[in-house]
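The lines below spell out each chain.
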Amino acid sequence: MAQEQCFYEGSADDLDISHHCLDVEEKYFAQVVGHIEDILLDDSFLKIHKDFMEEYWKEFEENEENKLIYTEIFKKYVETIEKFLESELKKKIPNFSMLEFEYELRKRPNELVGEVFEILATFTDFVSFKEKFLDYKAMKEGKTVDFSKDLYVVQYKLETL
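These numbers come from a predicted model, not from an experiment.

K.L.:
Which residues make up the packing of aromatic side chains, and what are the values?
P.N.:
What the rule picks out here adds up to 14 aromatic pairs. Each ring, one from F45 and one from F84, has its centre 6.1 Å from the other, and the planes form 35 degrees; the classification is tilted. Taken as a pair, F45 in helix α2 (residues 43-56) and F84 in helix α3 (residues 68-92) lie far apart in primary sequence, 39 residues in all. Judged by its relative accessible area of 15%, F84 falls in the buried class. A ring pair is formed by F60 and F133, whose centres lie 4.4 Å apart and whose planes are at 15 degrees; its orientation type is stacked. Here F60, found in the loop between α2 and α3, pairs with F133, found in helix α6 (residues 126-140); they are 73 residues apart in sequence, far enough to count as distant. An identical accessibility class is assigned to F60 and F133; each is buried. Three or more aromatic residues link up through ring pairs in this structure, and these residues are F52, Y56, F60, Y70, F74, Y77, F126, F129 and F133.

What follows is the structure in structure tokens.
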């Protein structure tokens, strides 16, 4: 019986922390998530994502009732973003299967925390998808709080005796 315990090697300063897992499924899952993190930070993904948000953010409204066009946009979003992710993952993991990875995701509902999983949730959860667009719309319309105006940074010198 394979152990399902993983440990991580590297320091907090390292960007490339390798996962050493004793369980094959855990190692595969960690490898895919690591590659997804890299892809989500890549300029080509950021451009595709931003272009998509720019094209459709005006369609969304803050109310309970959903427009029919939301479903069409959701399908196009899933197709566009998932296809891009899958294509990039297949370049890094030649035998990658999105179906297999989705199965692994469903097995770990309590482990899925962080920005990577928020993006992945928008593929399967319409509410998350709609909230993402409403947040983007609020940002575009200047309805979000800009905390940068409340911060004041100064250099502090500690005097020694």
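K.L.:
Requested: an account of helix α4 (residues 98-106), with residues and values cited.
P.N.:
If you check which residues of α4 are buried, you get M98, F101, E104 and L105. All buried residues of α4 lie within an arc of 120 degrees about the axis, which places them on one face of the element. Structural note: α4 exposes L99 and R106 on the side pointing more than 90 degrees away from its buried face. Each element contacted by the buried residues of α4 is listed here: α1 (24-41), α3 and α5 (115-124).

K.L.:
Please give an account of the pattern of salt bridges that cites residues and values.
P.N.:
The full count for this structure, using the stated rule, is seven salt bridges. In this structure, the salt-bridge partner of K47 is D51, at a minimum N-O distance of 2.7 Å. Of this pair, K47 and D51 both sit in helix α2, four residues apart, roughly one helical turn. With a relative accessible area of 52%, K47 lands in the exposed category. With a closest N to O distance of 2.8 Å, E54 and K140 form a salt bridge. One end of the pair, E54, is in helix α2; the other, K140, is in helix α6, with 86 residues separating them in the sequence.

K.L.:
So what's going on with a negative patch on the surface? Residues and values would help.
P.N.:
A cluster of acidic residues, E37, D38, D42 and D43, forms a negative patch on the protein surface. Inspection of the secondary structure puts D42 in the loop between α1 and α2.

K.L.:
So what's going on with the confidence of the model for the protein chain? Residues and values would help.
P.N.:
Across the protein chain, pLDDT averages 79, with 76% of residues at or above 70. For the protein chain, strand β1 (residues 6-9) is the element with the lowest average pLDDT, namely 46, and α2 is the one with the highest, namely 94. Every residue in residues 1-19 scores below 50 in pLDDT, and together they form 21 contacts with partners more than four places removed in sequence or on other chains.

Parameters and conventions
- Residues numbered from 1 in each chain as written.
- Predicted model: local features only at pLDDT ≥ 70, side-chain atom pairs only at ≥ 80, totals over all residues.
- Heavy atoms only, no water.
- Phe/Tyr/Trp six-rings, centres within 6.5 Å; stacked < 30°, edge-to-face > 60°.
- Helix = DSSP H or I, 4+ residues; strand = E, 2+ residues; numbered from the N terminus.
- Buried < 20%, exposed > 50% of the residue type's maximum accessible area, 1.4 Å probe, protein only.
- Arc of directions from axis to C-beta.
- Contact = heavy atoms within 4.5 Å.
- Salt bridge = Lys/Arg side-chain N within 4 Å of Asp/Glu carboxyl O.
- Patch = residues over 30% accessible without salt bridge, like charges linked within 9 Å, V, L, I, M, F, W, Y side chains within 5 Å.
- Areas by Shrake-Rupley, 256 points an atom, 1.4 Å probe, with all protein chains shown as cover.
- Lys, Arg positive; Asp, Glu negative; His and termini not counted.
- Charge placed at Lys NZ, Arg CZ, Asp CG, Glu CD.
- pLDDT = per-residue confidence, 0-100.

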